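So you can see what is in the structure, the chains are spelled out below.
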Amino acid sequence: MDMDSASSVVLQALTQATSQDTSVLKPAEEQLRQWETQPGFYSVLLNIFNNHMLDVNVRWLAVLYFKNGIDRYWRRVAPHALSEEEKTSLRAGLITNFNEPVNQIATQIAVLIAKVARLDCPRQWPELIPILLESVKGQDGLQQHRALLTFYHVTKTLASKRLAQDRRLFQDLASGIYSFACSLWSHHTDCFLQQIYARDEAAALSSLERTLLSLKVLRKLTVHGFQEPQQNMEVMGFLNAVFERLKQFLECCRQVGPDSTCREKLEKTIILYTKVLLDFLEYHPCAFIPLIQRSLEFAVSYVFTPAGEGVTFERFIVQCMNLIKMIVKNDAYKPAKNIDDSKPESLEAHKIKTAFFTHPTLTEIGRRLVSHYFLLTEEELAMWEEDPESFAVEETGGDSWKYSLRPCTEVLFLDIFHNYSQTLTPVLLDMVQNLQGPTNVEDPVQLLMKDAVYNAVGLAAYELFDNVDFDQWFKNQLLGELQVSHHRYKLIRRRVIWLIGQWISVKFKSDLRPLLYEVILSLMQDPDLVVRIETATTLKLTVDDFEFRTEQFLPYLESIFGLLFQLLQQVTECDTKMQVLHVISCVIERVNIQIRPYVGCLVQYLPLLWKQSEEHNMLRCAILTTLIHLVQGLGAESKNLYPFLLPVIQLSTDVSQPPHVYLLEDGLELWLVTLENSPAVTPELLRIFQNMSALWEMSSENLRTCFQIVNAYIYLSATEFLQSYAESLCRSFCDLLKDIANEGQVQVLKVVEIALKVSPILGAHMFQPLLPAVFRGIVDGERYPVVMSTYLGIMGRVLLQNSSFFSSLLTQMASECSQEVDQLLGSVIEMWVDRMDNITQPERRKLSSLALLSLLPSDNSVIQDKFCGIINICVEALHDVMTEDPETGTFKDCMLMSHFEEPKLSDDEEPPTEQDKRKKLLALEDPVHSVSLQQFVYEKLKAQQALMGDQGFGVLMETVDTELVRQLQEFLQGL
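Residues numbered from 1 in each chain as written. Predicted model: local features only at pLDDT ≥ 70, side-chain atom pairs only at ≥ 80, totals over all residues. Heavy atoms only, no water.

Taking 1.5 Å per residue as the helical rise, helix α22 (residues 470–482) with its 13 residues ought to reach 18 Å, whereas the 15 Å between its terminal C-alpha atoms falls clearly short. The largest bend along α22 measures about 35° and falls at Asn476. Every buried residue of α22 is listed here: Phe470, Asp471, Trp473, Phe474, Gln477, Leu478, Leu479, Glu481 and Leu482. Next to the buried residues of α22 lie α20 (421–433), α21 (444–459), α23 (490–503) and α24 (513–523). (Helix = DSSP H or I, 4+ residues; strand = E, 2+ residues; numbered from the N terminus. Expected span 1.5 Å × (residues − 1). Bend = angle between axes of the 7 residues up to and from the residue. Buried < 20%, exposed > 50% of the residue type's maximum accessible area, 1.4 Å probe, protein only. Contact = heavy atoms within 4.5 Å.)

Right, here's the structure in full:
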């Protein structure tokens, strides 16, 4: 690419690529894409974004194309890689000067220099760090800042490399520049403090920016630059200095006030100081031991004493709490159970913690956490009034303890309570005792305090197991609180029902459940929406508990389910609807078929909700979960849902539709339970299977469910299903078997086995392309036992129930192997006998016996030659399936089934699905369950005897081990 002529055409293309007109923009993007691999293109881009006279948008785009080019073409092994000569020129051009005037472009240039450094520094780019350090020392303010910005991004990138060799290189770099980085940080920090005290905010803001960048560099060097940082005096000196600097910066917060231009960056710097400590503690817990005392004193002072008043802010309090939490929880600071096995550093850390967490300190921390940080704030109370759904969802939010004050406070309380429960339990129980009896609704302070204390008792439920008689407290105190209907008492009603939810799986007598259901029924009609949502959540915890008894809940089911449905209609937020749907799903799952009389309204509403949630895939996931449990509860009656249900399954499992990314897993589960509970196949249900061919190609974690769906179709309607889809299934299975793991192979083979079990003639015909591979696997002695067992199960079905097909398959394979038919048959029988131990399921072992016995009577010399092995397998199988009647002393085949009976179920047992019934009826016709092995052996031996005559048969029997003959005679006595 000629530089002079190229610059103008590239500049023109970049200018066009910033256009809003797609007819101009698209051709320009295509042209730039074609140039990406042209030599000299990135040199042109470098010249363009370094030309400060050009349009900012054009320069910005040039930087982005350059940055993307590093990712694609900088490595030597990349296709169309840049030449070493051009890379040398580009590296030099990138660090010629640090005078970019536009902040956003300066940041992008710093990032792309760091990307190159990750690949080339220090070996191909040894001059980078020295040039950066020299530029950082310069007097020009802009150059100094841009060099420092680049220095930070380079340090951050190099610190992130994890290979041992790269880490050693970074440690060499860190030891060489650490002193300079410390002095740079110290200099800029001192400048900032002088300027802020002189009230020169403009200069202070500039110095603060440099302080922040130099501190970011030091954070990476300190945390990742030293293998044993405790042995480096400068590192430990810096970490100790962090506490003093934090105090100075917090004092600055007090001085500048909330509206200062410096305030946001000042808070950011304070948080960065705490991150230095937290990161160092995480990566170097043993090196942190000398800092434990000072860290605890600092954090506790600012969070739990008046020292923090007026200077702390929420994010800083969160960071301090995380620091305390990490010290309290750290496994490296806990002695071993056997004290003699403890490491010296663990004992030292434990000693420091024990000395710090005295009874008065723990008492103050515990009381302060509950009485100050657990209190609902004015903002939270306002949200309750103005946006109750958001309040309810926030309160049951996810894993946000690192970033938000309330969850962080609760996690810290739990960790401290767990580690120091002996001290804190009496403190908390004393707070509960002081709040006995109903609280005056005119006293908002006491209401908030009770809410906070009850919150603490709920969180610490497991720790308080031995100290609180919750059943008595529920009956004597909490029930009364729930009956106070004043609108201000909603705080306590909501907190008490939440509290019960926390204790339900810890300590709550089963015979109190009906009383609780009365309470839930009442609170589901509470005028306050937050109380109703919280009650629904407690209901879910109650029915989820292992002590849940359906018969206790049934008297309340209709009313509570109706109120849950009302709540689902009343709430408007997607998250809240999901929450309520999860409760409904849980109730349906636990009561199962008992739900049938009450789901009419829900069934009518779900199609509307599905349509309304078109843009909310997570809500649709919740609807799918509800439908799964609904179909299981309705059983065969779920066919009435098909007009809604089948299009939902169709959409959720269609990989050409974007929503499948969210809906596929639940959609497949719904598809499966729909088939399992279907009384009969319908054309629409059959048509959905067209979605499956694309799912096989995905080879995802959902393959197991896909196989279960195929099996369910075969059980439901083998003839129609296999006639429609067996050909495409065979193609998909052949592709899968080429690269699928052994477990996947077994899943494919099980489909074939089930098809043969349901329809021996049709199954063999439809899956004919797969059977030669099964045959070869047996002859070759497949080495994986589970696969071999399945091979033998398939061939057993073919031999026993479709002997003509077996003969033609044997002839085909003999021709392919250039062997005589009898010779190949002998090899099969020999391998079958040899690998019988691979078969562990009694059903398959009996099947193998029946199959091999079906070769008798025979005058074929090969079969007679293998007679001993066949009898061996039969006797083994007889041992597996025959049980002795203790009264008569006779044997009977325990696998025989004579008729189908509906099982009698307890209230907590799930009824059989339609598929379970189909399997039972199928078993009645299956030779494994309808033919007595004892009788079959007897008849086949008799037939062989009749064919050969007594003398010939006697000679044949002499080939069998005498002990086996004795056992065989014992099994056959009486026949």
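Moving on to the environment of Pro388. If you trace the backbone, Pro388 turns up in helix α18 (residues 388–395). Given the relative accessible area of 21%, Pro388 is considered partly exposed. For Pro388 and Val530, which are 142 residues apart along the polypeptide, the C-alpha to C-alpha distance reads 5.8 Å. Apart from the residues within four sequence positions on either side, Pro388 is in contact with Met383, Leu529 and Val530.

Glancing now at the UniProt feature "domain: Importin N-terminal" (unreviewed entry) in the protein. UniProt annotation of "domain: Importin N-terminal" (unreviewed entry) refers to residues 28–100 when read in the numbering used here. Taken end to end, residues 28–100 comprises 63% helix and 0% strand; its first and last C-alpha atoms sit 26 Å apart. (UniProt positions renumbered as here; feature names shortened; annotations may be inferred.)

Residues Glu386, Asp387, Glu573 and Asp575 make up a contiguous surface patch of negative charge. Relative to the elements of secondary structure, Glu573 occurs in the loop between α26 (550–570) and α27 (574–591). Overall, Glu573 belongs to the partly exposed group, its relative accessible area being 37%. (Patch = residues over 30% accessible without salt bridge, like charges linked within 9 Å, V, L, I, M, F, W, Y side chains within 5 Å. Areas by Shrake-Rupley, 256 points an atom, 1.4 Å probe, with all protein chains shown as cover. Salt bridge = Lys/Arg side-chain N within 4 Å of Asp/Glu carboxyl O. Lys, Arg positive; Asp, Glu negative; His and termini not counted. Charge placed at Lys NZ, Arg CZ, Asp CG, Glu CD.)

Segmentation of the protein into domains returns domain 1 (717–840) and domain 2 (861–972). Put simply, the middle of domain 1 and the middle of domain 2, counted by C-alpha atoms, are 23 Å apart. Overall, the association of domain 1 and domain 2 removes approximately 1100 Å² of surface from exposure, summing both partners, and the carbon and sulfur fraction of that is 77%. Considering only the surface of domain 1 that becomes buried against domain 2, Ile829, Val833 and Met836 emerge as the three largest contributors, covering 38% of it. Our count for the contact surface shared by domain 1 and domain 2 stands at 2 salt bridges. Residues Lys866 and Glu830 are paired through a salt bridge, measuring 2.9 Å at the closest nitrogen-oxygen approach. Summed over the shared surface of domain 1 and domain 2, the number is 2 residue pairs in polar contact (both at pLDDT 80 or more). Secondary-structure elements contributing two or more residues to the side of domain 1 that touches domain 2 are α35 (742–758), α38 (785–801) and α40 (821–834). (Domains from an automatic or database assignment. Buried area = accessible area lost by both parts, 1.4 Å probe. Polar contact = N/O pair within 3.5 Å; in protein donor to acceptor, adjacent residues only side chain to side chain.)

Let's shift gears to a nonpolar patch on the surface. Taken together, the side chains of Met618, Val661 and Tyr662 make up a nonpolar region of the molecular surface, amounting to roughly 330 Å² of accessible area. Relative to the assigned elements, Val661 resides in helix α31 (residues 660–676). By relative accessible area, which is 62% here, Val661 ends up exposed.

Between its terminal C-alpha atoms helix α11 (residues 233–256) stretches 34 Å, which fits the 34 Å expected from 24 residues at 1.5 Å a residue. Along α11, the sharpest change in direction is near 25° and occurs at Val242. A distance of 2.9 Å separates the backbone nitrogen of Glu234 from a side-chain oxygen at the start of α11, and that oxygen is part of Asn232.

Looking now at the packing of aromatic side chains. Scanning all chains against the criterion turns up 44 aromatic pairs. For the pair Phe733 and Phe767, a centre-to-centre distance of 6.4 Å together with 10° between the ring planes defines the contact as stacked. A residue pair is termed long-range when its members are at least 10 positions apart, and Phe733 in helix α34 (residues 703–739) and Phe767 in the loop between α36 (760–766) and α37 (771–779) qualify at 34 residues. A relative accessible area of 0% places Phe767 in the buried class. Between Phe775 and Phe806, the aromatic rings sit 6.5 Å apart at their centres with planes inclined by 40°, giving tilted as the arrangement. With a gap of 31 residues between them, Phe775 in helix α37 and Phe806 in helix α39 (residues 803–817) connect regions that are remote in the sequence. A single burial state applies to Phe775 and to Phe806, both of which are buried. An aromatic cluster of at least three residues, connected via ring pairs, comprises Trp35, Phe41, Tyr42, Phe49, Phe66 and Tyr73. Above the plane of the ring of Trp185 lies Arg245, whose end atom (NZ or CZ) is 5.5 Å from the centre. (Phe/Tyr/Trp six-rings, centres within 6.5 Å; stacked < 30°, edge-to-face > 60°. Lys NZ or Arg CZ within 6 Å of the ring centre and 35° of its normal.)

This brings us to the pattern of salt bridges. Inspection of the entire model under this criterion finds 39 salt bridges. As a salt-bridge pair, Arg495 and Asp451 come within 3.0 Å of each other at their nearest N and O atoms. Of this pair, Arg495 sits in helix α23 while Asp451 sits in helix α21, placing them 44 residues apart in sequence. The residue Lys540 makes a salt bridge to Asp544 at a minimum N-O spacing of 3.2 Å.

This part covers the packing of α21 against α22. The geometry of α21 relative to α22 is characterised by a closest axis approach of 14 Å and an angle of 140° between their N-to-C directions. With respect to each other, α21 and α22 are oriented oblique. In this structure, α21 crosses over α22, and the sense of that crossing is left-handed. Here Lys450, Tyr454 and Val457 of α21 lie close against α22, whose contacting residues are Trp473, Gln477, Leu478 and Glu481. (Axes fitted to C-alpha atoms, helices over the stretch in contact; angles between N-to-C directions. Parallel < 35°, antiparallel > 145°, perpendicular 65-115°, else oblique. Left-handed = near helix turned anticlockwise from the far one by under 90°.)

Okay, unusual backbone geometry next. The step from Cys121 to Pro122 runs through a cis peptide bond, and the omega angle for that step is 5°. Within the secondary structure layout, Pro122 lies in the loop between α6 (103–120) and α7 (128–136). The residue after Leu856, namely Pro857, is reached through a cis peptide bond having omega -5°. Inspection of the secondary structure assignment puts Pro857 in the loop between α41 (842–853) and α42 (861–865).

Direction vectors running N to C along helix α4 (residues 56–73) and α6 enclose 15°, while the axes themselves pass 10 Å from each other. The angle between α4 and α6 places the two elements in the roughly parallel class. Crossing geometry of α4 relative to α6 is assigned as left-handed. Counted together, Val56, Arg59, Trp60, Val63, Leu64, Phe66, Lys67, Ile70 and Asp71 of α4 and Gln104, Ile105, Gln108, Ile109, Val111, Leu112, Lys115, Val116 and Leu119 of α6 form the full contact between these two elements. When its residues are assigned to classes, the contact of α4 with α6 shows 12 nonpolar, 2 polar and 4 charged. (Nonpolar A, V, L, I, M, F, W, Y, C, P; charged D, E, K, R; others polar.)

To continue, consider the environment of His486. Take His486: it is sitting in the loop between α22 and α23. The residues touching His486, leaving out its near neighbours within four places in the chain, are Val441 and Arg493. Within the structure, His486 has its side chain in polar contact with the backbone nitrogen of Arg488 (distance 3.0 Å).

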